[in-house]
Structures are given as structure tokens and as C-alpha cells.
Amino acid sequence: MATGARPKVFCSWGFPEAGLAILREHADVQVWDGPDGAPRDVLLDALRNGAAGVLALPPTDRLNVEAMDLAPDLKVISGFGVGFDYVDVPEATRRGIAVCNTPGTLTETTADQAWALMLGAARHVPEGDRYVRSGEWRKYEPALLLGTDIHGATLGVVGMGAIGTAVARRARGFGMRILYAGRSRRPEAEAETGAVHVPLDDLLRQSDFVSLNCALTAETRGLIGTRELELMKPTAILVNTARGGVVKQAELAAALRAGTIASAAIDVFEVEPVAHDDALVACKNAVFAPHLGSATFATRARMSRVACENIVAALEGRRPPFLVNPAVWQD
Ligand code: DGY
């Protein structure tokens, strides 16, 4: 980059202007504004052509060794979201590339979505909607679409981070008993929500609703498969707003077909978009959303602002507010 030249930043989607406006004050910004996010070859071209920053769309973009090898000027990868399983973080750290995310921007919104799905699955909201529209509803039917009570039931939260805690906080309003599983105890979350730390297997055995809220890591990949689903109650409902890879999707589909668990409410899939003929999508006893955890106007704008502020800080030599790999930064 020539002295005095503005750094180049590539944005792989038409992110909300709330953030892009901040970026434009500091950088030459190239925005891919096609509907589906930048195709890989466009992202790689931008890296090859001297992008110093990338505003990336997790989990779709792949910022791996191949991408970094092509990126002589890359200093910062900033993800529009919290999850950073789309970046090879150790590789970025080795190369001195800052990796940033947007924690705190979407916690409550994603917890709302977990609850929307939980309620939807427990009370057959999508089926009821389809039934009313079908024109088949003739009279009040006392045995129609009977569901599961949420109030007073047991909720198991897997991963009591910020989002898991926000899910648990809402459960108090429903008078639920709350269990959680995770590597370490969270005394603050326990004090706030009354949740009790238990081993994962116990949580699965005892919960009426299991909400997955952990990050996707080597440790959590495939955490929920046939063995774990068989530990769950046949009446239980699994809710996943974390990452599809936490669940072995084919095994979940088989468990739903066999009635091992009653239902699942799924916002995230192993591969997105999930194929319309995937075995899981064929399961009638499940409710789906197309990765909408953080999808509100206000939250998207906040995510865009924070993601762009991360980039600007890194390019100006200031420590980005939300740095995933602090090892790259020496103040
Ligand atoms: C996140 O923040 O990780 C969302 O799932 C978007 O990828």
C-alpha cells in the first residue's frame, strides 16, 4: 500500500449502512451487493488485489489458508456476527492478521429466537398456521395439535455463555427449572437465573427442552448424536440456534423419524442453505428457520457498526474493540 493511500476494505455482502458509512470515512470500500453474498472467486480476487480488511459473512465465507495465501496486504478479518468458525484463527494469528467479531450485539435477539422456536415447536405454531390457511378447519377441535407445556418444565442449556444465560433468564418468567452443562461453572449466571450445573448426560436425561447455545469448536462438533438423543426423554424438544455442526444432522433426522425425541426446533444446519430434500427437512415433527438468530433490524445495524468499528480500529493501529485473537496485538 503506497504511503497516504487509503486502505482497501472488501465487504462480502451489502451490510447495513450504519456500519458501511463508518468504513467509507476511512477506507476505499468495495461492497458486493448481490443477494447471496460474494461468490468465493470475488472474495479471493479482492484479497489478491490488496484488501487490507475484509468484512466477512459468517458462516458462509471461508477465510482459510487458501484465502490468506492470496492476501498479501490483509490485516484484519472482521465477521458480521459472533461465531468465528469460518476463519482459520490459528493461521490468521500466525500471520499477524487480526480476527474480530461482534459479541454483545446479538445476545438478546438470538435468545428471543431460541424462544420463538421453542414455543413454535411446543405449541405447533407452524402447523396451526398451515391448517388455518388450508381451509380444512371446520369446527373447534379439542384434540387438535396438542402440544407440550413450557411453563413449569425443565430447560437444559448447553453452553451457558452470554446467549445461553439470556435464554435461561427468559425461562425464569415461565417458571422453569433450569439446568446447564458446559466446561466450567458460571456462578454469575447461576445467581441470576437459578440454573444448576450438571454433566451433559444428566441434563439430557432430565430436560424437557434442550437449548444448544455453545460455540462450534473441535470439542463441540458433533456433540449431539444418536447416543445423546437416546438419553433424552421421548417427549423432549431440541432447540439449536448455535451452529449446525454441534448436531449430527443425519442422526437427528433418524431420531425424529423414530420418535426418540418428540421434536426439534432448528435455526442452523450442518451445511447452509440446507438441501430441501435433506432427511432432516423431511421430518414433520420439527420446526425450521433459515439461520435467523440475529435477524432484527436493530441488531443487524448494531452488528454492522461494531464489525466496521473493529476494522477501522485495526487499520488505524488501534486495538479493535472485539479481538478474537489477542495474541496478534501488542500495544
Ligand atoms: C453469529 O453471530 O455467529 C451468527 O450466527 C451469524 O453468523
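Residues numbered from 1 in each chain as written. Predicted model: local features only at pLDDT ≥ 70, side-chain atom pairs only at ≥ 80, totals over all residues. Heavy atoms only, no water.

Q: Sorry, what's going on with the layout of surface pockets here?
A: Rolled over the atoms, a probe sized like a water molecule indicates the empty space that remains. Considered as a void within the structure, the second largest pocket measures approximately 160 Å³ in volume. Along the walls of the second largest pocket sit 17 residues, with A121, H124, I237, A262 and S263 positioned nearest its centre. The set of elements that each furnish at least two residues to the lining of the second largest pocket consists of helix 5 (107-122) and strand 12 (286-288). Among the elements that make up the lining of the second largest pocket, the one with the highest residue count is helix 5 (three residues). Considering only residue class, the lining of the second largest pocket consists of eight nonpolar, seven polar and two charged. (1 Å grid on protein atoms, 1.4 Å probe; cavity = no way out; pocket = protein on both sides within 12 Å on 5 of 7 lines; lining within 4 Å. Points joined across faces, edges and corners; volume = space filled by probe spheres on them. Helix = DSSP H or I, 4+ residues; strand = E, 2+ residues; numbered from the N terminus. Nonpolar A, V, L, I, M, F, W, Y, C, P; charged D, E, K, R; others polar.)

Q: Help me understand the packing of aromatic side chains, please; the structure alone is not making it clear to me.
A: Within the structure shown, the criterion is met by five aromatic pairs. When the ring of W13 is compared with that of F80, the centres are 6.1 Å apart and the planes differ by 50°; the resulting orientation is tilted. Taken together, the residues W13 in the loop between strand 1 (8-11) and helix 1 (17-24) and F80 in the loop between strand 4 (76-79) and helix 4 (89-94) connect sequence positions 67 residues apart. A relative accessible area of 25% means that W13 is categorised as partly exposed. Given the relative accessible area of 5%, F80 is considered buried. Ring geometry for W115 against F174: centres 4.5 Å apart, planes inclined by 20°, an arrangement best described as stacked. Within this pair, whereas W115 is found in helix 5, its partner F174 is found in the loop between helix 7 (162-173) and strand 7 (177-181), the two being separated by 59 residues in sequence. Owing to a relative accessible area of 30%, F174 belongs among the partly exposed residues under this scheme. Grouped by ring-pair contacts, the aromatic residues W13, F15 and F80 constitute a single cluster. (Phe/Tyr/Trp six-rings, centres within 6.5 Å; stacked < 30°, edge-to-face > 60°. Buried < 20%, exposed > 50% of the residue type's maximum accessible area, 1.4 Å probe, protein only.)

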